[in-house]
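Reading the structure
Here is what each chain is made of, one letter per residue.
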Protein chains: 2
Amino acid sequence: MTHRELYDRTLPMIQPVAPAWIAKAYQRLDSLTKPRRSLGYLEELAARLVAVFQQEQPKIEGKRVFVFAGDHKVVAEGVSAYPAEVTGLMVKNFVGGGAAINVLARRAGAQVEVIDIGVATDPGELPGLLRLNVKRGADNIARGPAMTVDEAVRAVAVGIERANLAADNHVTLMATGDMGIGNTTPAAALLAVLLDLPAADLVGPGTGLDAAGVARKRQVVQKAVAVNQARCTDPLSALAAVGGLEIAGICGLCLGAAARARPVAVDGFISTAGALAAMRLCPAVKDYLFFAHMSAEPGHRKFFEKERLRPIVDLDMRLGEGTGAAIALQIMENALAIYNEMATFQEAGIAPGA
Amino acid sequence: MTHRELYDRTLPMIQPVAPAWIAKAYQRLDSLTKPRRSLGYLEELAARLVAVFQQEQPKIEGKRVFVFAGDHKVVAEGVSAYPAEVTGLMVKNFVGGGAAINVLARRAGAQVEVIDIGVATDPGELPGLLRLNVKRGADNIARGPAMTVDEAVRAVAVGIERANLAADNHVTLMATGDMGIGNTTPAAALLAVLLDLPAADLVGPGTGLDAAGVARKRQVVQKAVAVNQARCTDPLSALAAVGGLEIAGICGLCLGAAARARPVAVDGFISTAGALAAMRLCPAVKDYLFFAHMSAEPGHRKFFEKERLRPIVDLDMRLGEGTGAAIALQIMENALAIYNEMATFQEAGIAPGA
């Protein structure tokens, strides 16, 4: 199957979750020994997970965080506090197990899969690294498109394939992660285009720019949107024009997981750009996405406001890698444990009350 | 040692955490392979935990959630959606392992200790139940004091003793929990007195009152504060006058844990009332308290605003039992794992950058 065929076949497989399953889940939740709906958002998460799995007693088997790594030639415009070679160095850190995502994934009982989908310099053979590079860095979006539409489809297909393989291997909970020096710049540009918001509203300090740096970055993002505006005729073209390889991979992971009826914890600002592209390609994908956290990157809040979505936690994190998603995985699993394991009023011999 | 002696000896043992330990913790956090402070509140939690433990590489051994159960004769005023006997039934559910706190504590790897400190009807011998009843239900606070000062000291001492025994048994992370039909009423009254806020601002639906019920409850809380105002001359007297047995037990647990340099995850609205009493008895206790979540009970927000504190999560939970604290335990342990387990820039061969 070509990348394009995989992409074309995946989208129609994604179906909205059935309201009947949500209702069924709440029926059980309301029978458990607690005041009705007193576990708040935890119950909403549980109901949606049950509806995604379409099982009366869903069991979590494998959990996996997918860290897509890619570079961005737009760093030449001075938009990042770190030099581009850090992307490759961090890839080595991921496979070595020393990064924040390794620690938090371990805590969540999740595997970490590291994918070179767009790193500028080949990291070479590394145990644990998946070498699925589509392009050695996205092109400078301040001067032209990040990639061709064909390259975007290939990167999306890599994400779909990772989700499919994981589903085949009994991974029941998936999570997105990213690594890419400079990638808050394309993420801001893509969110601006897909949310139809002023680019300036979506720009923040990223890994640690000062005020002058943020002002410069704001101009770069505005320029990127202006230069590429005519190309952004549909979500896929926008992803190709102002996105990035890792953002496209994340988009693909969301699509692939949804097509296989697996929930996805979506990490922070970068992952949200990929997830939003997936939502624009196929609105039903939203039912499978669990937005993990509110990033400290200020543009993230705009996304939640505009799309009327709610993050699971808000801890001022702004690291990426899937770190927020790993924390959300624990809370999602807590929610499902409540649903599966609590005693009912009947079992405990208590009248349901209010 | 009498209860009063235990109480009197514990307060002076509580020392503020050393700023030097916080600084030392941040020195390590800033050396780890991530942009400086990019893990946000997680890093604040880690630094404070290190300062509480006063260890370069703190290790978590045991974790324990203490569920203090007590009744409130103020339910005669019609302030609760559930009848009083549910307290005792839920105590049975806790020792049977079927309640929400059992599920979430299991997920956090924590033990659950269930303490009858003030249940109205003796639940009898039950495997796993600690029968440390000080009084068979707090008296009706709309008509007079909840208990005598001596009873309050005894209930606080029960909490201190539980913390001491846990610390002796290598419990390194503690968490508070409560069960008590009607206990948002004394919690609101005690918070009103200790925060010096209008009682009306702190009253909410509890386990599920309707608007008329909330209006009635508001009058009851206002009456409780008015009737007991003259008795509330100091924090201990206030705790006795408008508190409850389980609230006093939670207060004691916070004091006892802090005296033994153990961090405490403080659950929701009820636990906050107990923790605030501890803070008023001994301001240094605050350094040891980790407020777990923002309850859906609307008065809880007033506490955070007035005391300028920040909850770890906000999931619209309003169940109590320690359920929010159990979730916070996982996040606190995540924070410490980040601190202990991540690679430094030097180890990973990366320049620290910004």
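Presented here is an overview of the structure given in this document.

Some details on the overall build of chain A
Helices and strands together make up the secondary structure of chain A, namely 14 helices and six strands. If you line up chain A on its principal axes, its C-alpha atoms span 70 × 40 × 40 Å. Evaluated residue by residue, chain A yields a buried proportion of 64% over its 354 residues. The long-range share in chain A, meaning contacts at least 24 apart out of those at least 6 apart in sequence, stands at 75%. Counting every atom, chain A has about 11,700 Å² of accessible surface; 51% of that belongs to carbon and sulfur. Averaging the positions of the 36 positive and the 36 negative side-chain charges in chain A gives two centres separated by 2 Å.

Describing the nonpolar core
In this structure, Leu255(A), Ile312(A), Leu255(B) and Ile312(B) are the most contacted members of the largest nonpolar core, which totals 295 residues. Not counting the four nearest positions on each side in its chain, Leu255(B) is found in contact with Thr10(B), Leu11(B), Ile14(B), Val156(B), Ile160(B), Ala278(B), Leu281(B), Cys282(B) and Val285(B).

Some thoughts on unusual backbone geometry
Residues other than glycine seldom take positive phi values, yet Asp196(A) does so here, at roughly 55°. Its relative accessible area of 66% is what places Asp196(A) among the exposed residues. The phi dihedral of Glu321(B) falls on the positive side, at around 70°, and the residue is not glycine. Mapped onto the elements, Glu321(B) comes out in the loop between α12 (299-307) and α13 (323-341).

A word on the side chain of His300(B)
Residue and element names in this part refer to chain B. Within the secondary structure layout, His300 lies in helix α12. Among the polar contacts made by the side chain of His300, one reaches the side chain of Thr272 at a distance of 2.7 Å. Each residue touching His300, except ones within four places of it in the same chain, is listed here: Asp267, Gly268, Phe269, Thr272, His293, Met294 and Ser295.

Description of the interface of chain B and chain A
Listed by partner, the interface residues are 54 residues for chain B and 54 residues for chain A. Together, the buried faces of chain B and chain A total about 4,200 Å²; carbon and sulfur atoms form 60% of this surface. Taken as a group, Tyr82(B), Arg107(B) and Leu315(B) account for 14% of the area that chain B buries against chain A, more than any other trio of residues on that side. Here chain B and chain A share six salt bridges between them. Ionic pairing is found between Arg310(B) and Asp316(A), a salt bridge with its closest N-O pair at 2.8 Å. There are 22 residue pairs in polar contact (both at pLDDT 80 or more) connecting chain B and chain A. Contributing elements (two or more residues each) for the side of chain B that touches chain A: α3 (41-53), α4 (85-96), α5 (100-108), α13 and α14 (345-348) of chain B. In terms of residue count, the dominant contributor to the side of chain B that touches chain A is α13(B) (nine residues). In the side of chain B that touches chain A, the residues fall into 30 nonpolar, twelve polar and twelve charged.

Brief notes about the sheet that holds strand β6 (residues 289-291) of chain B
Residues and elements named next belong to chain B. Ordered in space as β3-β2-β1-β4-β5-β6, the six strands form an open sheet in which the pairing is parallel. Of all the strands in the sheet, the pair left with one neighbour each is β3 (129-131) and β6. Here the average twist between neighbouring strands, direction ignored, is 25°. Relative to strand β5 (residues 264-266), strand β4 (residues 171-179) runs parallel, the two sharing two bridges. Bridged to Ala175 within β5 is Ala265.

Here we look at the packing of helix α7 (residues 184-195) of chain B against helix α9 (residues 235-242) of chain B
All names here are of chain B. α9 packs onto α7 with a crossing angle of 155° between their chain directions and a minimal axis gap of 9 Å. Accordingly, the angle class assigned to the pair α7 and α9 is roughly antiparallel. Relative to α9, α7 is oriented so that their crossing is right-handed. Seen from α7, the contacting residues are Pro186, Ala189, Leu190, Val193 and Leu194; seen from α9, they are Pro235, Ala238, Leu239 and Val242. Its residues placed into classes, the contact of α7 with α9 shows nine nonpolar, no polar and no charged.

About the cut-offs
Residues numbered from 1 in each chain as written. Chains lettered and ligands numbered in written order. Predicted model: local features only at pLDDT ≥ 70, side-chain atom pairs only at ≥ 80, totals over all residues. Heavy atoms only, no water. Helix = DSSP H or I, 4+ residues; strand = E, 2+ residues; numbered from the N terminus. Buried < 20%, exposed > 50% of the residue type's maximum accessible area, 1.4 Å probe, protein only. Contact = heavy atoms within 4.5 Å. Areas by Shrake-Rupley, 256 points an atom, 1.4 Å probe, with all protein chains shown as cover. Lys, Arg positive; Asp, Glu negative; His and termini not counted. Charge placed at Lys NZ, Arg CZ, Asp CG, Glu CD. Core = buried A, V, L, I, M, F, W, Y, C linked by side-chain atoms within 4.5 Å. Polar contact = N/O pair within 3.5 Å; in protein donor to acceptor, adjacent residues only side chain to side chain. Buried area = accessible area lost by both parts, 1.4 Å probe. Salt bridge = Lys/Arg side-chain N within 4 Å of Asp/Glu carboxyl O. Nonpolar A, V, L, I, M, F, W, Y, C, P; charged D, E, K, R; others polar. Pairing = 2+ DSSP bridges. Axes fitted to C-alpha atoms, helices over the stretch in contact; angles between N-to-C directions. Parallel < 35°, antiparallel > 145°, perpendicular 65-115°, else oblique. Left-handed = near helix turned anticlockwise from the far one by under 90°.

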